[in-house]
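So you can see what is in the structure, the chains are spelled out below.
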2 protein chains.
Amino acid sequence: MNKNPAIPAGDLDHLSIAVPDLKAAAEFYRDTFGCEVSDPIDLPERNMRIVYVTLANTKIELMEPTDSSSTLAKFIERNPDGGLHHICLTTPDVDIAAEQATAEKLRVIGKGTSHHGRALFFLHPKDALGTLIEIEEEN
Amino acid sequence: MNKNPAIPAGDLDHLSIAVPDLKAAAEFYRDTFGCEVSDPIDLPERNMRIVYVTLANTKIELMEPTDSSSTLAKFIERNPDGGLHHICLTTPDVDIAAEQATAEKLRVIGKGTSHHGRALFFLHPKDALGTLIEIEEEN
């Protein structure tokens, strides 16, 4: 175990699945798995609408694009049934993590704040084994 | 919340990421995120080699194909950097869940046993919003 990792990771805060039809997806998770599913949350600044599915140890974010030109809409064009989109890990301090990641030549993209007000960024998938990884500050 | 779901889900047991180079992937998760990473586990009957990455609340399975004709090898051909492959949810009784899923016209594929000896199956991604979902019996 590395004692000084660039982005010390804690929890899997959530994993995100892009879906073409949020209502159908929410019903699928509620009816098939018996999961609690949140009401839809509109995120117009991100051109999407989401729900959270509660699992015992983490949550799933289901995301539906609301704008045909967004990156998420293009993902759905390539994956019309939907598909796994990204994972989100927590870290104690997002600013320090972003600085240390940059120092290690990892591309930090989309630095901002979540709709819960938590600082976040993404690692470029080309620098993270093909996986889009969101890094969000711990609660 | 559905009181009688076909596949009552508990935890996210793990999420799985396909990678072209298991050693490099294990180092990335250890060095960048400071995660504990298991020794490699060879699964010749599944034509793959895996490691587990420990997060505070769940784990990530990194999978490298060991046979060029396997489904996983073809996934890597389509995603040469690697990518998110499947998620695994736990349920109290896999046999009952498989029966109830089939009764609801969900295609149950790959029924078997994990290398830990836990019963499992997969839901066909076409029946699960484009996501390959593994269902594994709770410990």
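Since the structure is predicted, the reported quantities are computational estimates derived from the model, not experimental observations.

S.K.: Would you mind showing me how to read the relation of the copies chain A and chain B here?
M.R.: Applying a rotation about an axis and a shift along it to one chain copy brings it onto the other copy. Note on the identical chains: chain A maps onto chain B by a rotation of 180° and an axial translation of 0.0 Å, with an RMSD of 0.0 Å. One copy is carried onto the other by what is essentially a two-fold rotation axis. When you check the interface residues of chain A against chain B, 100% turn up at the interface there too, and the contact is symmetric in its surfaces.

S.K.: When you look at the interface of chain A and chain B in this model, what are you seeing that I'm missing?
M.R.: A common way to state how big an interface is: give the accessible area lost once the parts meet. Contacts between the two partners involve 46 residues from chain A, matched on the other side by 46 residues from chain B. Of the roughly 3700 Å² buried where chain A meets chain B, counting both sides, 66% is carbon and sulfur surface. Considering only the surface of chain A that becomes buried against chain B, A:Phe33, A:Leu84 and A:Leu129 emerge as the three largest contributors, covering 19% of it. At the junction of chain A with chain B, the criterion picks out two salt bridges. For the salt bridge of B:Asp81 with A:Lys126, the shortest nitrogen-to-oxygen distance reads 2.9 Å. Here chain A is connected to chain B by 13 residue pairs in polar contact (both at pLDDT 80 or more). For the side of chain A that touches chain B, the secondary structure elements donating two or more residues are strand E1 (12-18), helix H1 (22-33), strand E6 (83-91) and strand E9 (133-137) of chain A.

S.K.: Honestly, the packing of aromatic side chains in this entry has me stumped. Any pointers?
M.R.: Within a pair of aromatic rings, the relevant descriptors are the distance that separates the centres and the angle that separates the planes. Scanning the entire structure with this criterion turns up six aromatic pairs over all chains. Seen in terms of ring centroids, A:Phe28 and A:Phe33 are 5.5 Å apart; in terms of plane orientation they differ by 85°. Their pairing is edge-to-face. According to the relative accessible area criterion, A:Phe28 is buried, its value standing at 12%. Its relative accessible area of 1% is what places A:Phe33 among the buried residues. Measuring from centroid to centroid gives 5.4 Å for A:Tyr29 and A:Phe33, while their planes differ by 45°, and the two rings are tilted. Taken together, the residues span about one helical turn, with A:Tyr29 and A:Phe33 both in helix H1 at a distance of four residues. The class for A:Tyr29 is buried, based on a relative accessible area of 1%. Taking NZ or CZ as reference, B:Lys59 lies 5.6 Å from the ring centre of B:Tyr52, over its face.

About the cut-offs
- Within each chain, residues carry numbers counting from 1 in the order of the written sequence.
- Working convention: letters from A go to chains and numbers from 1 go to ligands, in the order in which they are written.
- Local features in this predicted model are restricted to residues of pLDDT 70 or higher, and side-chain atom pairs are both shown and tallied only at a pLDDT of 80 or more, whereas totals for entire chains, interfaces and linings draw on every residue.
- Only heavy atoms go into the side-chain values, all of them from the structure, while hydrogens and water stay out.
- A least-squares superposition brings the copies together, and it is based on the C-alpha atoms of residues with pLDDT no lower than 70 in both.
- Every residue pair with non-hydrogen atoms within 4.5 Å of one another is taken to be in contact.
- Defined here as a combined quantity, buried area equals the accessible surface (1.4 Å probe) lost by two parts on assembly, summed across both.
- Salt bridges are identified by distance alone: a Lys or Arg side-chain nitrogen within 4 Å of an Asp or Glu carboxyl oxygen.
- N or O atoms within 3.5 Å of each other form a polar contact, as long as, within protein, one can give a hydrogen and the other can take it, and as long as residues adjacent in sequence are counted only when both atoms are side-chain atoms.
- Helix and strand assignments come from DSSP, with helices taken as H or I runs of at least 4 residues and strands as E runs of at least 2, each series counted from the N terminus.
- Classification of ring pairs uses Phe, Tyr and Trp, with its six-membered ring standing for Trp, and accepts pairs whose centres are within 6.5 Å; under 30 degrees between planes counts as stacked, over 60 as edge-to-face, and the remaining range as tilted.
- Remark: exposure states derive from per-residue accessible area (1.4 Å probe, protein chains only) relative to the maximum for the residue type, with buried under 20%, exposed over 50%, and partly exposed in between.
- By definition, being over a ring means that NZ of Lys or CZ of Arg is both within 6 Å of the ring centre and within 35 degrees of the ring normal.

All we've got here are geometric facts, nothing functional implied.
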